[in-house]
Amino acid sequence: MVTPFGSMIGLKGNETEMCSSKGERCWLDDLVDTPIESVDALTKSLQTLVDNTRTNNSLNLMSHLGKAMKVVINLQTFLQVNGSQVEPSIAFDVSENFVKTFSQVIDQSFAWSNGSDTERLETASQLLLYIQYTAFSSNCYLSPLNDTKEFDSKNVFEMHYFNKTDKILFEHNSSSILIPDGIVFSDADYSQSCQKNTDFGALIQGLEKHLSKELMDKQEINTEIIAFSINNANGTHKLDDGKNVRVSLKHKSKINLGDAVDCVFWDFEKNEWSSEGCKVITSASNRDTTVCECKHLTNFAALMDTTGREENGSAKNAVTLVFCALSVIYLLIMVGMDRTEVASVCKLLSFVLLYSLLSSFLWMLLQAFHLFRMTYNVFDEGIKLYLFMIFARLVRHSSAMTS
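Residues numbered from 1 in each chain as written. Predicted model: local features only at pLDDT ≥ 70, side-chain atom pairs only at ≥ 80, totals over all residues. Heavy atoms only, no water.

- By the naming in an unreviewed UniProt entry, the chain is GAIN-B domain-containing protein, taken from Oppiella nova.

Shown next as structure tokens:
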């Protein structure tokens, strides 16, 4: 099982890199060094983190992203032990500020661009993990409110459910997860401080582009990431009783002819996308949406492979122009059929019309022979003789009609 508060990329002990190029001590270092010993200290540190990451150039290095997550780790460590001390009115604000923090960290384009592909992938994987674990923790101190709660920011949307025993439809931005009723986990790691039947769903956008290092050149994640957890179960858990969840994923761009789409989830252990336990429901999918069923709960996305995409090439364009020209020529022939004043033109039109008629019969005959061969090969020898006799008779009648 993945440990929620493990090491982060860019965290190297008491590293004191600056948040900008001006040379002053980074405000993040102050937050990392500030001990969290009370709910008041927690809310102040979290609010500082929110206020100082509002713009996309607040953090300039990958290590700054790591330090921001280090602050989140410290806050979550306090909440794991002292979550019961958080008043319901404060609990809502704390959860909302966590969602804002993650959303704004995803928007730190300067910091993301200053890292290698490996650094971006590892940091994005850890960020996705912390989003989920923070949501689990939020369920603990939000549960006394005993009501459905919604948290919406630019890049992260969360919905928390309490005491829901029937099926749940989590839906946002045209993507959704349908949870059947009666879902339980035999291997769930329940928190003793949380009541059961506390579930959450999340939709995360902008993070998927940093989780693409291991993809091939013509592969891309074409949806936002959607996640769901039941009863604070950590990690990826298979559903009991052979039940499946139905996941509907809205494409960021329409798929084209030849594109292949697969439902995948992010494997935190391997740091890669995996399709294990998921299958695409082709009958319910279309160019705009991929629908799949999965045997486990975690985070999901749609992987699009454009290797087989049909592109408009010079050969196709040439064929199109040739047949368009032929269509125009035949149209002119049809218009000029009654113009018999010029003998040479009349003969030419007669030749073209007769040639077209005979060609049509020839190609229809070849198509009939092809269909006959396809049908003929699947029958036994007794029936094959009768089929051959029928085909021979049809060919004879066709020859008589054209003669």
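Read on, since the account is not over.
1. Brief notes about the overall build of the chain
Part 1 of the reasoning: Along the chain, the regular secondary structure elements total nine helices and 15 strands.
Part 2 of the reasoning: Long-range pairs, those at least 24 residues apart, make up 74% of the contacts in the chain with a sequence separation of at least 6.
Part 3 of the reasoning: Accessible area of the chain: about 21900 Å², with a carbon and sulfur share of 55%. (Helix = DSSP H or I, 4+ residues; strand = E, 2+ residues; numbered from the N terminus. Contact = heavy atoms within 4.5 Å. Areas by Shrake-Rupley, 256 points an atom, 1.4 Å probe, with all protein chains shown as cover.)

2. Here's the deal with the state of the cysteines
Part 1 of the reasoning: All chains considered together, the criterion is met by two disulfides.
Part 2 of the reasoning: At a sulfur-sulfur separation of 2.2 Å, the disulfide partner of C263 is C292. As the torsion about the S-S bond is roughly -100°, the C263-C292 disulfide counts as left-handed. Of this pair, C263 sits in strand β10 (residues 260-267) while C292 sits in strand β13 (residues 289-294); the two residues are 29 residues apart in sequence, bridging distant segments of the chain. Note on accessibility: C263 and C292 belong to one class, buried.
Part 3 of the reasoning: Put simply, C278 and C294 are joined by a disulfide, and their sulfur atoms are 2.1 Å apart. Here the S-S torsion is close to 115°, and the disulfide linking C278 with C294 is therefore right-handed. Residue C278 is located in strand β12 (residues 278-280), and its partner C294 is located in strand β13; the two are separated by 16 residues in the primary sequence. (Disulfide = S-S within 2.5 Å. Buried < 20%, exposed > 50% of the residue type's maximum accessible area, 1.4 Å probe, protein only.)

3. Some details on helix α3 (residues 62-82)
Part 1 of the reasoning: The terminal C-alpha atoms of α3 lie 31 Å apart, and with 21 residues this matches the ideal 30 Å at 1.5 Å per residue to within 8%.
Part 2 of the reasoning: Buried residues dominate α3, accounting for 16 of its 21 residues. (Expected span 1.5 Å × (residues − 1).)

4. Points about helix α2 (residues 39-51)
Part 1 of the reasoning: Taking 1.5 Å as the rise per residue, α2 with 13 residues should run 18 Å; its terminal C-alpha atoms sit 18 Å apart, in good agreement.
Part 2 of the reasoning: For α2, the set of buried residues is V39, A41, L42, S45, L46, L49 and V50.
Part 3 of the reasoning: At its buried positions, α2 is contacted by α1 (27-33), α3 and α4 (88-106).

5. Some words on the sheet that holds strand β4 (residues 175-179)
Part 1 of the reasoning: Spatially, the five strands line up as an open sheet ordered β3-β4-β9-β13-β12, and their pairing is antiparallel. What marks the edges here is a single partner per strand, and that holds for β3 (168-172) and β12. Going from strand to strand, the sheet's axes swing by 15° on average, the running direction of each strand aside.
Part 2 of the reasoning: Of the strand pairs in this sheet, β4 and strand β9 (residues 245-250) are connected by three bridges, and their pairing is antiparallel. Considered in β9, the bridge of S176 is made with S248. (Pairing = 2+ DSSP bridges. Axes fitted to C-alpha atoms, helices over the stretch in contact; angles between N-to-C directions.)

6. Brief notes about a nonpolar patch on the surface
Part 1 of the reasoning: On the surface, V319, V322, F323, L326, I329 and Y330 cluster together into a nonpolar patch covering about 550 Å² of accessible area.
Part 2 of the reasoning: Look at I329 and you get partly exposed, because its relative accessible area is 44%. (Patch = residues over 30% accessible without salt bridge, like charges linked within 9 Å, V, L, I, M, F, W, Y side chains within 5 Å. Salt bridge = Lys/Arg side-chain N within 4 Å of Asp/Glu carboxyl O.)

7. Some points on the pattern of salt bridges
Part 1 of the reasoning: Summed over the entire model, instances satisfying the criterion amount to seven salt bridges.
Part 2 of the reasoning: Where D29 meets K67, a salt bridge forms, and the shortest distance between an N and an O atom there is 3.2 Å. One end of the pair, D29, is in helix α1; the other, K67, is in helix α3, and 38 residues separate them in sequence.
Part 3 of the reasoning: Residue classification places D29 among the buried residues on the basis of a relative accessible area of 5%.
Part 4 of the reasoning: A salt bridge links R246 to E293; the shortest N-O distance between them is 3.2 Å.

8. Let's talk about unusual backbone geometry
Part 1 of the reasoning: The backbone phi angle of N173 is positive, close to 50°, even though this residue is not glycine.
Part 2 of the reasoning: Within the secondary structure, N173 is located in the loop between β3 and β4.
Part 3 of the reasoning: The class for N173 is partly exposed, based on a relative accessible area of 43%.
Part 4 of the reasoning: In this model, N271 sits at a positive phi of 55°, which is unusual for a non-glycine residue.
Part 5 of the reasoning: Examined against the element boundaries, N271 turns out to sit in the loop between β10 and β11 (272-274).
Part 6 of the reasoning: Under the relative-accessibility criterion, N271 is labelled partly exposed at 21%.

9. Regarding the side chain of Q132
Part 1 of the reasoning: By the secondary structure assignment, Q132 is in helix α6 (residues 117-142).
Part 2 of the reasoning: In this structure Q132 comes out as buried when scored by relative accessible area, which is 6%.
Part 3 of the reasoning: Within the local environment of Q132, its side chain forms a polar contact with the side chain of N299, the two groups lying 2.8 Å apart.
Part 4 of the reasoning: If we skip the residues at most four places from it in the chain, Q132 touches F200, F268 and N299. (Polar contact = N/O pair within 3.5 Å; in protein donor to acceptor, adjacent residues only side chain to side chain.)

10. Here we look at the UniProt feature "transmembrane region" (unreviewed entry) in the chain
Part 1 of the reasoning: Under the local residue numbering, the UniProt record ascribes the feature "transmembrane region" (unreviewed entry) to residues 318-336 and 348-366.
Part 2 of the reasoning: The span residues 348-366 is 100% helical and 0% strand by assignment, and the distance between its end C-alpha atoms comes to 27 Å. (UniProt positions renumbered as here; feature names shortened; annotations may be inferred.)

11. Comments concerning the pairing of β13
Part 1 of the reasoning: By the criterion of burial, β13 is predominantly enclosed, with five of the six residues buried.
Part 2 of the reasoning: Here β9 runs beside β13; their pairing, made up of six bridges, is antiparallel. Its bridge partner being in β13, V245 is matched across the sheet by C294.
Part 3 of the reasoning: Of the pairings in the sheet, the one linking β12 to β13 comprises three bridges and is antiparallel in character. Of the residues in β13, the one forming a bridge with C278 is C294.

12. A few points about the packing of α4 against α6
Part 1 of the reasoning: Following both chains from N to C, one finds α4 and α6 inclined at 170°, their axes separated by 10 Å at the closest point. Between α4 and α6, the interaxial angle falls into the category roughly antiparallel. Contacts between α4 and α6 involve A91, F92, V94, S95, F98, F102, V105 and I106 on the former and, on the latter, L127, Y130, I131, T134, S138, Y141 and L142. (Parallel < 35°, antiparallel > 145°, perpendicular 65-115°, else oblique.)

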